[in-house]
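Letter by letter, the chains look like this.
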Amino acid sequence: MSAVLVAAGAGFQPIVAQQAPVRPSPYTGAPQLQGPPAGEVEVLPVRGNIYVLFGAGSNITMSVGTDGVLLVDAGRAGMSDTILAAVRRTHQEWLDVNRPRPLGFGAETRSSVADRGVLAPAKPVRYIVNTHAHADSTGGNERLRNSGRTFAGGNVAGDIRDSGEGAAILAHENVLKRLSMVPAGQPGPHPDALPTDTYYVEYYKLSQFFNGEGVQLFHVPAAHSDGDSLVYFRNNDVIALGDLMSTRTFPVIDLDAGGAVNGIVDGLNRVLDMAIPEFRLEGGTMMVPGEGRVVDSGDVAYYRDMVTIVRDRVLDQVKKGRTLAEVLASRPTRDYPHFEVSSGPWTTDMFVDAVYKSLGGGKAPAVPAVPPARPAGRR
Ligand SMILES: [Zn+2]
């Protein structure tokens, strides 16, 4: 994996140098590099014109190119200026290296007129995808959406239409619902922070190529939440996973937002159906989890196996009517100590608790309906 990143990143300067090694890798036990210091972000190339921005909340996958920028997730609210600076720099560096082909034909499009230098670069952010509704994925929606520079002229009619609107925000319908749900008495979100284009069926796709490739969203029902989307970059063969996976912790299951462990397993299996490794389970399709490093099929398969094993151990005990305390005491995560954490926002006990509850644990067994006794003497 790391070899792939190094090869793809030759000549690319990271925004911020990585810190010293800390915790060993959960996968190999080898020392692993930590993310950027708090308040700073780091950009690494994945493949082609796809990059990942770390350190601003959820990992942000970005597509940069002559059509502009598409971001998968928007980071935490306070990080938007840092994100924008990193996005603009990455975008400009990409454009500097990958100039459009020289003119010489009549049918100029917005991809080719930029070469004349008559236009400002495409507006920085044209699309934002929210993989789900959590604040570390949607907090930057409003600021990033309104960051787009307006331009018009030449054969760029497509840009005139939305010149005053800023970037489109794409998400599953349940993301819009959850972001719109505000406790009574509290101010609602700014309209610009909400998704502009939602879908409620199995998938959604951009209606035309963006930066030279098709981009598809696939809904994963009831997994991390009830509004999860995978984002698939078809030509670069990169999938943004949202919080379906983390390389640092067990998967976060937000029961209150409609998440469930079976949805996580189904979602990871879905990803493995889509992904094609280069050799054995290494390389090939690259995946970007919501937290941690970039992964390939082998990493996702390992993670899928782990969640499945823990799920089955807990399910076995749920069927036997065990209490949560008994399940925790049995330590169903015992084979994965490198993922276990006892403090922080998502502890191992919280994970086991969420698995237990999403499998129906702790509820009184359903009482079979007993038909009322018929009055004697009547038929
Ligand atoms: Zn989340």
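Only a predicted model underlies this, so the values are computations on that prediction, with no experimental measurement involved.

J.: Help me understand the sheet that holds strand β12 (residues 286-291), please; the structure alone is not making it clear to me.
T.: Pairing within the open sheet is mixed, and its 5 strands lie in the order β8-β9-β10-β11-β12. In the strand order of this sheet, the two ends are held by β8 (203-205) and β12, each with one partner. For this sheet the average axis-to-axis angle between neighbouring strands, irrespective of direction, equals 25 degrees. Here strand β9 (residues 215-220) pairs with strand β10 (residues 228-233) via 6 bridges, running antiparallel. Bridge pairing in β10 places V220 opposite D228. Sheet strands in contact with helix α8 (residues 261-274) are β9, β10, β11 (238-246) and β12, and its direction is about 160 degrees off that of β11.

J.: Would you mind showing me how to read the packing of helix α9 (residues 297-319) against helix α11 (residues 348-358) here?
T.: Two measures define how a pair of helices packs: the angle their axes make with one another and the distance between the axes. Here α9 crosses α11 at 55 degrees, and the two axes come no closer than 9 Å. As summarised for this structure, α9 and α11 are arranged oblique, according to the angle between their axes. The handedness of the crossing between α9 and α11 is right-handed. Across the interface between the two elements, V310, R311, V314 and V318 from α9 touch V352, V355 and Y356 from α11. Of the residues that constitute the contact of α9 with α11, the class distribution is 6 nonpolar, no polar and 1 charged.

J.: Could you clarify how one ought to interpret α8 in this entry?
T.: The periodicity of an α-helix, 3.6 residues per turn, causes residues three or four places apart in sequence to face the same way. For α8, with 14 residues, the first-to-last C-alpha span of 20 Å sits near the 20 Å given by 1.5 Å per residue. For α8, the full list of buried residues reads V261, G263, I264, G267, L268 and V271. Buried residues of α8, viewed axially, fall in a sector of 155 degrees; they line one side. Considering only its buried residues, α8 is in contact with β9, β10, β11, β12, α9 and α11.

Calculation criteria
In every chain, residue numbers begin from 1 and rise along the written sequence. Thresholds applied to this predicted model are a pLDDT of at least 70 for local features of residues and 80 or more for the giving and counting of side-chain atom pairs; totals over whole chains, interfaces and linings are not thresholded and use all residues. In short, DSSP must find at least two bridges between two strands for them to pair. Helix and strand assignments come from DSSP, with helices taken as H or I runs of at least 4 residues and strands as E runs of at least 2, each series counted from the N terminus. Axes, fitted as lines to C-alpha atoms, cover a helix only where it is in contact. Angles between the N-to-C directions of the axes lie from 0 to 180 degrees. What counts as a contact is two residues whose backbone-derived C-beta atoms lie within 7 Å of each other. We call two directions roughly parallel when the angle between them is under 35 degrees, roughly antiparallel when it is over 145, roughly perpendicular when it lies between 65 and 115, and oblique otherwise. Helix crossings fall into two classes, left-handed where the near helix is turned counterclockwise from the far one by less than a right angle and right-handed where it is turned clockwise. In this count, Pro and Cys sit with the nonpolar residues alongside Ala, Val, Leu, Ile, Met, Phe, Trp and Tyr, while Asp, Glu, Lys and Arg are called charged and the others, Gly among them, polar. Take the residue count of a helix, subtract one, and multiply by 1.5 Å to get its expected span. Buried, partly exposed and exposed are defined by the number of other C-beta atoms within 10 Å of a residue's own C-beta, namely 20 or more, between the two limits, and 12 or fewer respectively, with C-beta atoms placed from the backbone. It is the directions from the helix axis to the C-beta atoms whose arc is reported.

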